[in-house]
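Residue-level structural notes
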Amino acid sequence: MSKPPFQVDESEGPRFTRAFVLHPDIKSDRNRRGAELALAEAVSLAHALRHLEVVGHLAVPLPKVHAGMLFGKGKIEELRARFEAEEIELVLVDGPVTPVQQRNLEKAWGVKLLDRTGLILEIFSDRAATREGVLQVEMAALNYQRTRLVRAWTHLERQRGGLGFVGGPGETQIEADRRAIDLQLVRLRRQLDKVVKTRTLHRAARAKVPFPIVALVGYTNAGKSTLFNRLTGANVMAEDMLFATLDPTMRRVELDNGPEIILSDTVGFISDLPTELVAAFRATLEEVLAADIICHVRDISHPETEDQADDVREILTTLGVGNERPMFEIWNKIDLLPQAEADAAQARAARDQDIIAISALHGTGVESFMSIISEALQGRVSQEVLRLSFAQGKKRAWLFSEGVAVDEVQDEDGFAVTVRWTPKQRAQFEQV
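Since we're looking at a predicted model, the values are computed, not measured.

Definitions and limits used
Residues numbered from 1 in each chain as written. Predicted model: local features only at pLDDT ≥ 70, side-chain atom pairs only at ≥ 80, totals over all residues. Heavy atoms only, no water. Core = buried A, V, L, I, M, F, W, Y, C linked by side-chain atoms within 4.5 Å. Buried < 20%, exposed > 50% of the residue type's maximum accessible area, 1.4 Å probe, protein only. Helix = DSSP H or I, 4+ residues; strand = E, 2+ residues; numbered from the N terminus. Pairing = 2+ DSSP bridges. Axes fitted to C-alpha atoms, helices over the stretch in contact; angles between N-to-C directions. Contact = heavy atoms within 4.5 Å. Expected span 1.5 Å × (residues − 1). Arc of directions from axis to C-beta.

1. A short note on the nonpolar core
Counting 38 residues, the largest nonpolar core has Val 21, Leu 92, Phe 269 and Leu 316 as the members making the most contacts within it. Sorting the residues of this core by element identifies strand S1 (17-26), helix H1 (35-47), strand S2 (52-62), strand S3 (90-93), helix H4 (116-127), strand S5 (213-218) and helix H11 (305-319) as the ones contributing at least two each. Considering each element in turn, this core owes the most residues, 6 residues, to H1. Phe 228, Leu 255, Leu 263 and Val 297 belong to the second-largest nonpolar core, a separate cluster that totals 23 residues.

The following block contains the structure:
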């Protein structure tokens, strides 16, 4: 993988790199989010990267983007003095920075610099645990680095001569470096193809077992892993941190009065998710495409919950997830809302069958969530009395083996069996 933009010497114990977060508040950006909230998210991203000490942060009003330097000369000089005084080693810019801008800013400030894409790639590189996750992140990082060779090397102007005295000037170093990256990408794709084939075989094996798949998706830090742990008893990392978990986790869950399901916890989404990562993680996110039900977990207490929900829907659309399967909105963290707003959220959920209000941390509404998922998979449960003759022993045995029989009375003609079942179970009974 590419050399990290900053080094951490741990020979004498962990040393934290002093970092500063900048959010360019570009006035011409019609779709820009609130500067303070965007800056807060960028700081949270920085905290998600180990060995970083966020010394300061600032939202910089930017009337226009300067092509070569991003900021104006006065602001650059002002920030340079501040970075020197606070001994900043790494500047994190919450937004896109071109290779030329990055090179010029690093030279002007005497620090290393990462833009939003580079920071997210570093976090993913730090967190990826499975072989597939590592390969996907490495591919995304190489694709990103390939476009930034203008910054990554100081010897790009040198040319390597041909053989002897008659050879031409040869290829420039930047061309050689780009070719080396391309070769490494080819090797990584081959390795990833093998891993993806294995995942496909596992998916095909699961398809033979009649366990429906329920996928949890949502904005990062919305509480997916907390809900996953509560439902499954697993110990997936769940912290108040962006991208606490990256690799997908699947567990079998038995719903009350319902079928067994496979619950899938996926990587969290984020606004302006790098296109390199969307492409790289497509194989992982194919678990969402194979799901029978999709549960969109939202942090309903977040000030920008609607914008976050729009970002998630946009990424799902990019992945090819349409309206052909049931999708529920899980309004999580209602315990963080003022009481009046929490009551309003629960009232809205009671009216809208596609919304479920819960607190995954405290368990509020989780039983209702499981019942709604069970009903969506099977249909509404009904109760009725069946008349079975003594000759229908096979059907009677099926009712008890499936656990749908709740009472039975025997008389001279046979059995009167009271059952609670779904339309799907009734159809299965007819086939016995």
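Now that the structure has been shown, we can carry on.
2. Regarding the sheet that holds S2
Here 4 strands make up an open sheet; going across it, the order is S2-S1-S3-S4 and the pairing parallel. Only two strands of the sheet have a single neighbouring strand rather than two, namely S2 and strand S4 (112-115). Going from strand to strand, the sheet's axes swing by 20 degrees on average, the running direction of each strand aside. Bridge count between S1 and S2: 10 bridges; the pairing is parallel. Residue pairing in the sheet places Pro 24 in a bridge with Val 60 of S2. H1 contacts S1, S2 and S3 of the sheet and is inclined by roughly 155 degrees relative to S2.

3. Examining helix H8 (residues 224-232)
The set of residues buried in H8 consists of Lys 224, Ser 225, Leu 227, Phe 228, Asn 229 and Leu 231. Looking at the packing, one finds that the buried side of H8 touches S5, strand S6 (249-254), strand S7 (260-265), strand S8 (293-299), strand S9 (327-332) and helix H13 (366-378). Taken from the residues just after H8, Gly 233 is the one with a positive phi, measuring 75 degrees.

4. As for H13
With 13 residues, H13 extends 18 Å from end C-alpha to end C-alpha; this agrees with the ideal 18 Å at 1.5 Å per step. All of the buried residues in H13 are Val 366, Phe 369, Met 370, Ile 373, Ser 374, Leu 377 and Gln 378. Down the axis, H13 shows its buried residues gathered within 150 degrees of arc, on one side only. Gly 379 occupies a position one or two residues after H13 and carries a positive phi of about 100 degrees.

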